[in-house]
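Fold and contact review
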Amino acid sequence: MKASMPIFLSSCGGLTAALCCLRTPTRLIGHNRIVPPRCETAAHSSGQNTLFPCRAAFRGVRAHRSSTAAPLCSDTSAKTARLQKGSRTSLSAGGGRTSSGASAHTPVIITSAPVTYAHGTTESWRPSSDIFPVKSRGGEWYLGAVSLSRPRRIMPICVVTDTGTQVPTHFQRVPIPHLSLSSACSDTFVKAKVLQKFPLASSEGDYDYILKTVIQEYEDQQNLPSGHTSINAILFGPLAKDFSQTVAEGDLLVLAGFTVGRSPTVKKDGLHPCNLELAGGDVHIYVYPASTLGPSPSTVSTRTRAPVTEAAKSKYAYVALKDLKAGMVVNIYGVVTFFKQPFRTKGTDYCSTLKITDHSDAKLCCSIFSEKLENHPQIYEIGDIVRLHRVKIQLFNGTLNCITTLGFSALTFDGTVGSPIVPRTSSSSFHFCDDDRRMVERLRAWATGQLALPPRSAIPLSSVRPRMYFDLTCQLLAKAVIDTCCTLLKVWDGTICADPLLSVSVEPVTLEGSLAVTGGRHNLVANVLVYDNHVEVARRLKPGSYLRIYNLHAVPQSAEMPPGGGGGGTGGAGHLAFHLHGGTAYGRGIRVLPEDSLDLQELKRSLESLENDMSDSSLIEWCTPPESLDAVPEDSLTVLKCDHTLERVTLACVKKTTPPRVFHVRARLRSYQPERLYQALKLHCPKCKALQDVPDEEAIASLFREALSGTGCCSEPWAFTGYLDSSDPGRKISLHMCRSVEKGAKELVFVEGATFEEMSRLSVGQKSLVPVRSSDGRMTLLDLSAPFLFQGPKQYYGCTRCSQVNCVELDTQEKGEMDERRIAEVLGVQPLRYVFLMKLDLQDNSGCLDALLWNDAESFFCVPASDAEASQELQDWIQQTLDKLCPPGGCLEERPWLDLCLRSYTVEESGQRTVCYQIFSTVVSGADV
DNA sequence: GCTTAGGGTTAG
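Everything in this summary refers to the structure shown in the same document. Every chain's residues receive numbers from 1 upward, in the order its sequence appears when written. Chains and ligands are labelled sequentially in the order written, the chains with letters from A and the ligands with numbers from 1. Totals for whole chains, interfaces and linings use all residues, but because this is a predicted model, local features are given only for residues with pLDDT of at least 70 and pairs of side-chain atoms are given and counted only at 80 or more. With hydrogens and water excluded, all non-hydrogen atoms of the structure serve as input to the side-chain values.

With that settled, the discussion passes to the overall build of chain A. Along chain A, the regular secondary structure elements total 17 helices and 48 strands. Out of the 929 residues belonging to chain A, those deemed buried represent 53%. Contacts are assigned to residue pairs with any non-hydrogen atoms lying within 4.5 Å of each other. Once local pairs closer than 6 in sequence are excluded, the contacts in chain A between residues at least 24 apart make up 68%. In this description a helix means any DSSP run of H or I spanning at least four residues, a strand means any run of E spanning at least two, and both kinds are numbered starting from the N terminus. Any residue under 20% of the maximum accessible area for its type is buried, any over 50% is exposed, and the rest in between are partly exposed; the area is computed with a 1.4 Å probe on protein chains only.

We now examine the pattern of salt bridges. A side-chain nitrogen of Lys or Arg and a carboxyl oxygen of Asp or Glu constitute a salt bridge if their distance falls within 4 Å. Scanning the model with the defined rule gives 24 salt bridges in all. Between Arg-424 and Asp-599 there is a salt bridge whose closest N-O contact spans 3.9 Å. Placement of Arg-424 in the loop between strand S21 (399-413) and helix H5 (434-448) and of Asp-599 in the loop between strand S30 (589-593) and helix H7 (601-613) is noted, with a sequence separation of 175 residues between them. The exposure classification of Arg-424 matches that of Asp-599, with both residues buried. Among the ionic pairs, Asp-599 bridges to Arg-548, the shortest N-O distance being 3.0 Å. With Asp-599 in the loop between S30 and H7 and Arg-548 in strand S27 (residues 546-556), this residue pair connects regions lying 51 residues apart in the sequence. The exposure class of Asp-599 is buried, given its relative accessible area of 10%.

Attention now moves to the environment of Leu-488. Tracing the backbone through its elements, the reader meets Leu-488 in strand S23 (residues 486-492). Remark: the alpha-carbon pair of Leu-488 and Ala-538, spanning 50 residues in sequence, is separated by 8.7 Å.

Turning our attention to H5. In this scheme, a helix's expected span is set at 1.5 Å multiplied by one less than its residue total. Over its 15 residues, H5 runs 21 Å from end to end, which matches the ideal 21 Å to within 8%, given 1.5 Å per residue. Taken as a whole, H5 has its buried residues at Asp-436, Met-439, Val-440, Leu-443, Arg-444, Trp-446 and Ala-447. What you see down the axis of H5 is that its buried residues fit within an arc of 170°, all on one side. Packed against the buried residues of H5 are strand S17 (329-344), strand S18 (350-357), strand S20 (385-396) and S21. Here the arc refers to the set of directions running from the helix axis out to each C-beta atom.

Turning to the sheet that holds S18, a few remarks are in order. Being paired, for any two strands, means DSSP has found at least two bridges between them. The five strands lie next to each other as S17-S18-S19-S21-S20, forming a closed barrel whose pairing is mixed. Averaged over all pairs of adjacent strands, the angle between their axes in this sheet comes to 50°, without regard to strand direction. Where S18 meets strand S19 (residues 363-370), eight bridges bridge the pair, whose relative direction is antiparallel. Counted as the bridge partner of Lys-355 is Cys-365 from S19. With axes taken as lines fitted to C-alpha atoms, and helix axes fitted only over the stretch in contact, angles between N-to-C directions fall between 0 and 180 degrees. Packing of H5 onto the sheet brings it into contact with S17, S18, S20 and S21, and relative to S17 it is tilted by some 65°.

A cutoff of 4 Å decides nearness: a residue is near a molecule or strand if any of its heavy atoms lies inside that distance of it. For DNA strand B, the set of nearby residues contains 27 residues, the closest of which are Asp-349, Asp-532, Asn-551, His-581 and Arg-588. Taking the atoms of DNA strand B that fall within 4 Å of the protein, sugar and phosphate contribute 33% of them. Here a polar contact is taken to be a pair of N or O atoms separated by no more than 3.5 Å, where protein atoms must pair a possible hydrogen donor with a possible acceptor and residues adjacent in sequence count only if both atoms sit in side chains. Within the backbone of Lys-346, a nitrogen or oxygen atom sits 3.3 Å from a phosphate oxygen of DNA strand B. Residue assignment for the surface near DNA strand B shows that the elements contributing at least two residues are S17, S18, S19, S20, S21 and S27. Here the surface near DNA strand B gets three residues from one element, more than from any other, and that element is S17. Among the residues forming the surface near DNA strand B, the class breakdown is 10 nonpolar, 11 polar and six charged. Residues are grouped as follows: Ala, Val, Leu, Ile, Met, Phe, Trp, Tyr, Cys and Pro are nonpolar; Asp, Glu, Lys and Arg are charged; all remaining types, including Gly, are polar.

Right, let's get into helix H14 (residues 820-827). Of the positions making up H14, those classed as buried are Ile-823, Ala-824 and Leu-827. Seen along its axis, H14 keeps its buried residues to an arc of 100°; they face one direction. Looking at H14, the residues exposed on the side facing more than 90 degrees away from the buried face are Arg-821 and Glu-825. Residues of H14 that are buried make contact with strand S38 (748-752), strand S39 (768-775), strand S40 (778-781) and strand S41 (789-791).

Once that is clear, we can look at the environment of Ala-754. Note on placement: Ala-754 falls in the loop between S38 and helix H13 (756-763). Residue Ala-754 is classed as buried on the basis of its relative accessible area, which comes to 6%. Residues Ala-754 and Lys-732, spaced 22 residues apart in sequence, show a C-alpha to C-alpha distance of 8.0 Å. Contacts of Ala-754, omitting those with residues within four sequence positions, involve Phe-704, Leu-708, Arg-731, Ile-733 and Met-759.

Where helix H12 (residues 697-708) meets H13, the closest approach of the two axes is 8 Å, and the angle between their N-to-C directions is 100°. Overall, the two elements H12 and H13 adopt an arrangement that is roughly perpendicular. Only Phe-756, Glu-757 and Met-759 of H13 make contact with H12, whose side of the interface consists of Glu-697, Ile-700, Ala-701 and Phe-704. The residue inventory of the contact of H12 with H13, partitioned by class, reads five nonpolar, no polar and two charged. Note on angle classes: values under 35 degrees are labelled roughly parallel, values over 145 roughly antiparallel, values of 65 to 115 roughly perpendicular, and the remainder oblique.

Quick look at the structure:
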């Protein structure tokens with residue numbers, strides 16, 4: 001006898017069995033087990049630290065991406081000459097420029113290096129259409145055909161003198177921090193200032209010349225995204241030569257037609273991990289000479305901006321701290337020995353408290369008042385050097401201190417000997433000269449020899465011990481408001497704490513940011529609880545930014561926390577939580593460190609070595625905002641039905657996280673198993689979790705034939721028995737009705753002596769037929785590998801393990817109809833449930849992933865599996881659906897996108913843990929209408 | 001125009 005050996009689905013099983021079953025649907029697999037997800041409803045309920053990336057973290061990004069074609073320059077005054085709408089520039093061969101519009105509407109750009117043709121040129125022209133295409137229409141510049149002529153050598157570098165010029169509206173600006181290896185470069189541009197231009201170099205490769213330049217995102221946007229704002233751009237060939245001749249440091253560029261490559265110097269220069277490569281005819285560069293630019297945009301810190309004036313001698317006098325007297329208004333220099341980040345006073349201002357000393361060995365406490373945070377000195381650590389202008393010396397409690405007076409300003413410098421002397425300031429205009437440089441160097445050198453100066457207190461997470469107070473330099477990954485006086489910050493610094501870290505989970509919707517970049521690695525993420533006055537600062541922090549948190553307290557948990565309690569914290573005794581207590585004692589506070597801060601070097605090294613350990617894609621994950629996925633214009637063929645709002649992530653991101661988790665992904669269906677639908681239909685025992693194939697008809701027919709031999713008389717007290725002629729001469733088919741027929745169970749008929757084919761024919765239009773055989777004078781069911789119940793076209797199976805059938809004794813007290821469940825119960829049969837089980841091979845731009853379609857498969861197709869089993873029409877419908885999701889023969893790029901809700905979970909089999917994924921809460925479009 | 005703070009651990 002051919003019997004189905006089931007696959008078992010229980011709490012200790014594995015995925016492989018199910019997949020085996022998919023691959024070899026008619027072969028029977030025994031005693032393997034599959035784990036259904038332990039966490040059926042909420043991935044974060046397991047107590048693990050789970051994160052659901054929140055859209056809010058990228059709000060700024062989206063806002064930016066939607067605003068295409070921002071004016072290149074803010075000056076769009078009426079003096080800007082423009083072409084009339086629809087007009088076209090043409091230039092005569094004989095000399096003077098002619099235009100279909102008035103001369104007042106002549107474009108004032110146009111250059112083709114090495115000779116620049118600018119507004120008012122007397123160069124002679126003739127029509128040509130093969131030159132750098134520029135067209136002005138409605139006041140905007142387009143890349144399109146234009147008839148300018150007499151090009152000598154036409155290169156795609158344009159010097160723009162019209163400050164109202166705009167880029168074509170279909171071009172989209174990409175902020176440099178958002179560039180990644182996977183960036184789509186067509187119809188995009190970057191807008192950046194030339195920080196550094198290296199000398200033109202000759203090259204032996206495909207190009208004769210090569211030139212490197214460092215450009216920086218042009219800071220004219222509110223909420224400039226965090227990340228690397230400076231990037232290397234490499235120009236090749238004639239372009240490099242022209243760039244060398246045309247462009248100067250300080251110029252503003254608009255670059256289009258570039259490609260993005262990996263920067264080989266990222267470790268050395270600490271700039272963007274990618275570089276821009278510019279070669280060939282697709283490249284277009286608009287150059288806005290520094291002289292034509294207005295004042296620098298003011299929305300972003302100008303900490304690295306070059307001073308406006310630089311002279312050898314200072315026009316300011318600085319007083320040594322030992323020479324200060326009460327009542328003086330002075331300019332001073334000092335080395336910071338204590339400081340508090342600006343905090344709100346009871347008055348109108350923020351106050352920074354600092355204590356400084358200098359080579360005269362005097363000490364001075366300073367109170368800096370300003371209602372603008374940017375006017376406060378940007379002090380990152382003890383040892384920094386400050387220059388304070390116009391402070392008033394006063395006596396308080398017998399000691400001198402100083403406070404700000406009108407005209408106060410501050411510069412801050414890193415205190416490390418030998419490091420670049422770059423003043424930190426928000427002021428666009430400040431005086432800085434060689435005297436200042438010498439003063440900073442002198443104070444640095446002096447401070448280095450001062451043992452009395454307090455040590456710097458920033459340490460990595462790996463050095464943190466329980467109960468310590470310390471300063472942490474870190475990157476903010478995500479944050480969540482806990483209540484009005486507490487905010488949670490999830491941070492990391494790339495090092496692993498020796499003590500286990502407390503894990504704090506919060507409602508997914510409240511979390512802003514993403515932990516995806518950590519790849520789900522344990523003990524990397526510190527949970528910082530920020531209290532009281534620091535909540536205001538925390539509210540302004542953007543995930544991805546770099547922070548220094550001062551006087552952070554490592555607090556070991558005293559006892560095991562109750563599951564789900566205590567604000568979602570999990571972890572046993574000794575797990576470290578980090579508290580930034582209220583108040584400003586010991587300089588407690590938070591400071592955002594700029595991307596290019598020297599103070600971030602160690603952190604970046606740690607994060608870099610982590611990244612090297614992880615796949616390259618992790619970098620791309622971090623650099624690529626999820627909005628790039630949103631940009632996919634196609635509609636999805638599936639619809640999410642879940643009630644949670646999750647940031648959509650890539651499949652690579654899904655694979656990097658630790659289960660259990662829930663994700664939203666958008667992917668294409670590369671293939672699916674099994675290929676034949678009937679093989680996807682399984683029988684599942686809800687009791688023992690066994691999963692088995694639906695027996696094929698031949699096997700069932702064989703069971704029925706075997707049962708014929710046992711036919712004989714039995715002594716069941718049937719209420720009624722009728723007989724039918726069978727297809728075999730002499731064989732009768734008995735139809736028994738039990739005594740309960742008198743009570744209403746009349747549609748339950750026991751059929752003895754029928755073949756499977758006869759049984760199938762008999763069941764047409766019948767409510768409930770149960771095939772039986774006689775054994776030792778008693779009536780019993782057939783082997784449970786055959787259906788135990790026929791209802792019209794539907795056939796029901798029982799679990800051979802869990803059913804307890806002896807003889808059929810149907811002396812029930814039933815009244816009315818019995819459904820299949822009740823019939824099974826009365827017969828002692830544990831019914832099996834029809835289920836779908838498929839493996840979908842998904843792919844997106846980041847990679848591929850196998851996901852099971854199982855528990856939610858019926859709702860995915862909106863077809864009950866038991867109905868599909870009996871309905872050719874429904875099976876055809878499912879097959880057509882699968883053909884739509886994964887058109888046979890088509891290439892992957894042509895396949896539709898599918899929005900999917902995925903859940904990850906772990907299964908354990910033979911001591912091996914495997915991560916599995918299932919599709920949930922997803923419905924094929926139109927299936928549910 | 002004046003005031004604010006005036007260092008020195010929360011107690012979650």
